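# Coordinate inspection notes
Spelled out from the first residue to the last, the chains are:
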Amino acid sequence: MTPQSELELKKFVVPEFIFGSGSLDLAGRYARNFGLRKVLLVTDPGVRRAGWTERVSESLINAGISYEVFDRISPNPRAAEVMAGAEVYRATECQGIVAVGGGSPMDCAKGIGIVSSNRRSILSYEGVDQVLLPGPPLICIPTTAGSSADVSQFAIITDEREKRKIAIISKTLVPDISLLDPLPLTTMDAELTVDTGLDALCHAIEAYVSNASSPMTDLHALQAIHLLVSSLPDAVTAPDALSIRYRTMLGSLHAGLAFSNASLGAVHAMAHSLGGLLDLAHGRCNALLLEHVAAYNYDAAPERYDAIGRSLGAAPCGVGHDERRSHIQNTIASFRRSLGVGVTLSNLGVTGCDLSDLALRALNDPCMATNPRRPTHREVEMIYASAL
Ligand SMILES: [Fe+2]
């Protein structure tokens, strides 16, 4: 990993956010502060069933804001869904967007905002800084503690024709305000809690070892690891405990601030490839890849991985390089298993025949650019193979 100079220029982008119990009910007040009279309420069927969309719509009604609901969104949001949402936005003359849900509704809402202002296919904005005009005002209300789309410069959209996920990275995607309330987390089941929580842990770890990390992102990444590792097991066993959900949400927030500015790495590049080709759950893919990427990356950033090992629990002192590499791999694997994630990529339907194509797509993902070690096609195939 390239040594960092304290004098090196680094940018840190962060949105305005309100963190804590009751922030959910401020949606209407902030929509009014932005001068909006009508908004597109972007959500998904599961969040609607849990009651959070209605809770936000009540806040809008109380503030005198009218709204149109758009909820035709898949777990891996597709380009066609973004374009359909943008058409609803245009046809119903909305002036802003309120997103309520996990990463999928929030990413879709960001896409709808881009298309509404820039008027081209969402797929044409792939990559870094390709969005010319900012979208309309965007208020994000996350109902999971994982994606951090509520604070990030990222939106991940599936190109269903090419069966791949595209990453759109732009400062224009940072929400105008995010309302981070731990209450909606209490309706997540154990599987969603673990998948989203491990996604957040991957964000923190990848940001910490990223070759675009900085002292500011390091601060948030390490705090995220500490908070997530100490609270996730309890969030599974005591799902209604608001104080624990508060800590997982805070952990996810720190992870989001870290990765939005330091970017990610091979875990996400490879998970995007799996999600695009085989439509697999993002958090689960990350969870199954993390320990194998750590073992591969270790030689490029040993001190950083040792620090992560200490945050995850005890790190061995005075042992050799190879033992320390095995230690971090085993520690991550046991944490994953302790949360009930015992499956492999094979269990999710991935086969050896998929690996070459998956590796090719992963190498072309923008997240690979900040991985501390640049892998070859063969090496990416081998990492996938070790997770089968
Ligand atoms: Fe992620």
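To start, this report covers the structure provided alongside it. (Residues numbered from 1 in each chain as written. Predicted model: local features only at pLDDT ≥ 70, side-chain atom pairs only at ≥ 80, totals over all residues. Heavy atoms only, no water.)

Before going further, it helps to spend a moment on the overall build of the chain. When its secondary structure is counted, the chain shows 14 helices and nine strands. In terms of overall dimensions, the chain is globule-like: its C-alpha atoms have a radius of gyration of 20 Å, near the 21 Å expected for 388 residues. For the chain, the spread of C-alpha atoms along the principal axes amounts to about 65 × 45 × 45 Å. Taken across its 388 residues, the chain has 59% of its residues classed as buried. Put simply, of all contacts in the chain between residues at least 6 apart along the chain, 78% involve residues at least 24 apart. Carbon and sulfur atoms make up 52% of the accessible area of the chain, which totals about 15,200 Å². Of the side-chain charges in the chain, 33 are positive and 41 negative, and the distance between the mean point of each set is 3 Å. (Helix = DSSP H or I, 4+ residues; strand = E, 2+ residues; numbered from the N terminus. Rg over C-alpha atoms; globule rule 2.2 N^0.38 Å. Buried < 20%, exposed > 50% of the residue type's maximum accessible area, 1.4 Å probe, protein only. Contact = heavy atoms within 4.5 Å. Areas by Shrake-Rupley, 256 points an atom, 1.4 Å probe, with all protein chains shown as cover. Lys, Arg positive; Asp, Glu negative; His and termini not counted. Charge placed at Lys NZ, Arg CZ, Asp CG, Glu CD.)

What follows concerns the environment of G265. Along the chain, the position of G265 falls in the loop between α8 (242–262) and α9 (266–278). Residues G265 and E191, 74 residues apart in the sequence, show an inter-C-alpha distance of 24 Å. Not counting residues within four places of it along the chain, the set of residues in contact with G265 comprises E206, C367, M368, T370 and N371.

Further remarks concern the nonpolar core. One finds L274, L289, Y305, I308 and Y384 to be the most contacted residues of the largest nonpolar core, which totals 63 residues. At 10 residues, helix α6 (residues 190–209) tops the list of elements feeding residues into this core. Discounting chain neighbours no more than four positions away, the residues touching I308 are I205, Y208, V209, I225 and I328. Membership of the second largest hydrophobic core comes to 29 residues, among which are I73, A99, M106 and V115. (Core = buried A, V, L, I, M, F, W, Y, C linked by side-chain atoms within 4.5 Å.)

A word on the coordination of the iron ion. Bound to the iron ion are the protein donor atoms D199 (OD), H203 (NE2), H268 (NE2) and H282 (NE2), situated 2.1 to 2.2 Å from the metal. With four donor atoms in place around the iron ion and angles of 85 to 171 degrees between them, the coordination shape is irregular. A residue is classified by how much of its surface remains accessible, and D199, at 5% relative accessible area, is buried. Taking relative accessible area as the criterion, H203 reaches 2% and is therefore assigned buried. (Donors = N, O, S within 2.8 Å, 3.2 Å for Na, K, Ca; no water. Tetrahedral: all angles 85-135°; square planar, octahedral: opposite > 155°, others 65-115°.)

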